[in-house]
Amino acid sequence: MVPGSVTETGATQAAVHAEPAPDLLIRLENIHVSYELADGSRKKVLDGIDLEIRRGEFVSVIGRTGCGKSTLLRLVLGSEQATEGRVLAGGREVARPDRDRGYVPQKYSLFPDKTVIDNITFGPEVEEFSLLTRFRPMFYRRRKEFRAEAMRQLRRMGLHESDATKYPDQLSGGMQQRVAIAQALVMKPKILLMDEAFSALDPGTRAGMQKLIRQVWRETQTTVLFVTHNIAEAIHLGTRIVVLAKDGAESSGSKVALDLPVPGVDEELPKIAERVEAAAGHSRLDEEE
Amino acid sequence: MSVLSISVRPSRITGWVLSWFLFAAGISLYFYTAQRRHKENPDDRVVPTLAQLGAGIYQAAMNPDADEEPAADAASQSALDRFRNGMLWKDTVASARRFIYGLALLFPAVLLGLHMGLFPYFGTFFLRFILFFDKIIALSVLPILFIAFGIDELSKVMLIVIGVTPTIILDTFNLTRSVPPEQIVKGFTLGARDFDVAYRVVLKQIWPRVLNSIRLNLKPLMLFLFAGEMIASTDGLAYRIALLRRHMGMNIIIPYVLWVALLLFLVDLTMRLLNKRLHPWFREA
């Protein structure tokens, strides 16, 4: 699903004050983020971001290093608060991370002390059973069901049953991210937030992961917010691209420089890439940094 | 090739010989010195011979404390009963009891460090005080402890608390803070509540390192325990060493020192093996 119209920075602001669409999932209203520096001055990171994400979208957020892409994701996640403005998820202000928003970071995506299967079942177990109730017989009955579901997710991610008992450090980077996606999806989150999730992978593994996440998105229709600094990846995966960039002065924060749907027609993709490059102020060659 | 090269490794046999060499050299030097001293003075008690050491070990292991009333059926007791009534066993049990109390008190310290590292209000409330508390030289407050708590068990346990727990609290605090924030956020996104994140995500991850920290603090723990026993006690391994010092009982002091080292080594080894067995995922840095 893509937004109804191609919107550039100013156009989204007008839409913010209209009645929320029924399929609206996430709404960022006039978001400003700045940090205090050691000398007492403030560094602006985001400067008046307005953004809406609808159910079923695959939104790729792209921009140069340090433009605030990950900050934007953390705001939606709830692990960071805006200096000004608010983030709404399902009409409620986001105050902290919760089970409605799944998270796949670039690093430390799995619990190192748990096996693959325990990583995947952690969510359902912890949600249903507290520290004390997990000693009840009911826990062991439900645990079997959790493990069966985890195995299904594992197979869907292209992993073998023999991988279930391995610890994260026994898996390759790509396998770890597959497990991390399974771990997040087993909770059936309303939105999956992926922060440079494939950046640390080699090109071959990365291509495989892109194919996988696209397939998972098609099958589950889970909304995805995908932060990347790779233009080709953003265009290949997203149904919509949001480009963050500073306008002019280096001291200013980033704004939404471009917000447009990605057409399904391959011939148009080079044109999209050119527009994204122009808006982001960097070329695909910069991605090799 | 030079042996002082970073890239040269000793062979298995060479490694074995090298690692035992200092033990062999130390033992040889000791008995050589003992023999020479006994040639000059057959009554020398400073460096006992092997026979004197053997007699000392037998006396410590099989005979009760000289101050104790001998049991009426002492002559008919089995070797095991004599060992259990011997001063070595009784002293070991007394010190072990205090050691276990001290060790048990480290676990609340771990929980405090965990909560300080995770919950900002906890951290703000305790950190400055613990940092100050950590700088207090535990032995310097020993007289205060004896005045405040008397000379019984409590003052010795308090000495361990003052001496070791601040280090464990601060170690756990730092370990907690070193857990990547992504892991904590991930916990919340998987439906965990605050205490689930604390106990089921963070504590489980840092636990092997906490055990290592406790293991490395066993020696300070014993140090404070020994200080307490040497100054004010009527039993225990350190009490016996201090008592025998007055009588120059080196034939018993040396076996006692080696016995303490052996016990501590075994506790350390057990903790290391348990840590490895219970946490197969853990790789020491």
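Analysis parameters
Residues numbered from 1 in each chain as written. Chains lettered and ligands numbered in written order. Predicted model: local features only at pLDDT ≥ 70, side-chain atom pairs only at ≥ 80, totals over all residues. Heavy atoms only, no water. Domains from an automatic or database assignment. Contact = heavy atoms within 4.5 Å. Buried area = accessible area lost by both parts, 1.4 Å probe. Salt bridge = Lys/Arg side-chain N within 4 Å of Asp/Glu carboxyl O. Polar contact = N/O pair within 3.5 Å; in protein donor to acceptor, adjacent residues only side chain to side chain. Helix = DSSP H or I, 4+ residues; strand = E, 2+ residues; numbered from the N terminus. Nonpolar A, V, L, I, M, F, W, Y, C, P; charged D, E, K, R; others polar. Buried < 20%, exposed > 50% of the residue type's maximum accessible area, 1.4 Å probe, protein only. Pairing = 2+ DSSP bridges. Axes fitted to C-alpha atoms, helices over the stretch in contact; angles between N-to-C directions. Parallel < 35°, antiparallel > 145°, perpendicular 65-115°, else oblique. Left-handed = near helix turned anticlockwise from the far one by under 90°.

Next up on the list: the domain arrangement of chain A. All names here are of chain A. According to the domain assignment, chain A consists of domain 1 (1-100 + 191-289) and domain 2 (113-188). Opposite the 15 residues of domain 1 that make contact, domain 2 presents 12 residues. Together, the buried faces of domain 1 and domain 2 total about 1100 Å²; carbon and sulfur atoms form 67% of this surface. Interface area lost by domain 1 to domain 2 is led by R99, M209 and L212, which between them contribute 43%. Summed over the shared surface of domain 1 and domain 2, the result is 2 salt bridges. The residue R99 makes a salt bridge to E127 at a minimum N-O spacing of 2.6 Å. For the pair domain 1 and domain 2, the interface holds 4 residue pairs in polar contact (both at pLDDT 80 or more). Listing elements by their share of the side of domain 1 that touches domain 2, those giving two or more residues are β7 (191-195) and α6 (203-220). In terms of residues, the side of domain 1 that touches domain 2 owes the most to one element, α6, which gives 8 residues. Residue classes in the side of domain 1 that touches domain 2 are distributed as 9 nonpolar, 4 polar and 2 charged.

Before going further, it helps to examine the pattern of salt bridges. Under the counting rule described, the total for this entry stands at 34 salt bridges over all chains. The closest approach of N and O atoms between D98(A) and R101(A), which form a salt bridge, is 3.5 Å. Judged by relative accessible area, which is 3%, R101(A) ranks as buried. A salt bridge links D268(B) to R215(B), with the nearest nitrogen and oxygen atoms 3.1 Å apart. Highlighted residues: D268(B) in helix α13 (residues 250-278) and R215(B) in helix α10 (residues 194-216), separated in sequence by 53 residues. Each member of the pair, D268(B) as well as R215(B), carries the same accessibility label: buried. The structure contains a network of salt bridges with shared partners spanning D23(A), R27(A), E29(A), E52(A), R54(A) and R86(A).

Tallying the contact residues gives 34 residues for chain A and 23 residues for chain B. For the pair chain A and chain B, the summed buried area comes to about 2400 Å², and 61% of that belongs to carbon and sulfur atoms. Here chain A is connected to chain B by 2 salt bridges. For the salt bridge of R283(B) with D169(A), the shortest nitrogen-to-oxygen distance reads 3.4 Å. At the junction of chain A and chain B, the tally comes to 10 residue pairs in polar contact (both at pLDDT 80 or more).

Residues and elements named next belong to chain A. Two elements, strand β1 (residues 24-36) and strand β4 (residues 84-89), share 5 bridges in a ladder whose sense is antiparallel. If you follow R27 over to β4, its bridge partner there is L88. Looking at chain direction, β4 and strand β5 (residues 92-93) are connected through 2 bridges and run antiparallel. Looking at the pairing, A89 lines up with R92 of β5.

Glancing now at the packing of helix α3 (residues 116-128) of chain A against helix α4 (residues 137-156) of chain A. Residue and element names in this part refer to chain A. Remark: α3 packs on α4, axes separated minimally by 9 Å, with the N-to-C direction vectors making an angle of 130°. The orientation of α3 with respect to α4, classified from their angle, is oblique. As α3 runs across α4, the sense of the crossing is right-handed. Mapping the contact onto sequence places V116, I117, D118, I120, T121, P124, E125 and E128 in α3 and F139, R142, R143, F146, R147, A150, M151 and L154 in α4. A breakdown of the residues in the contact of α3 with α4 according to their chemical character gives 9 nonpolar, 1 polar and 6 charged.

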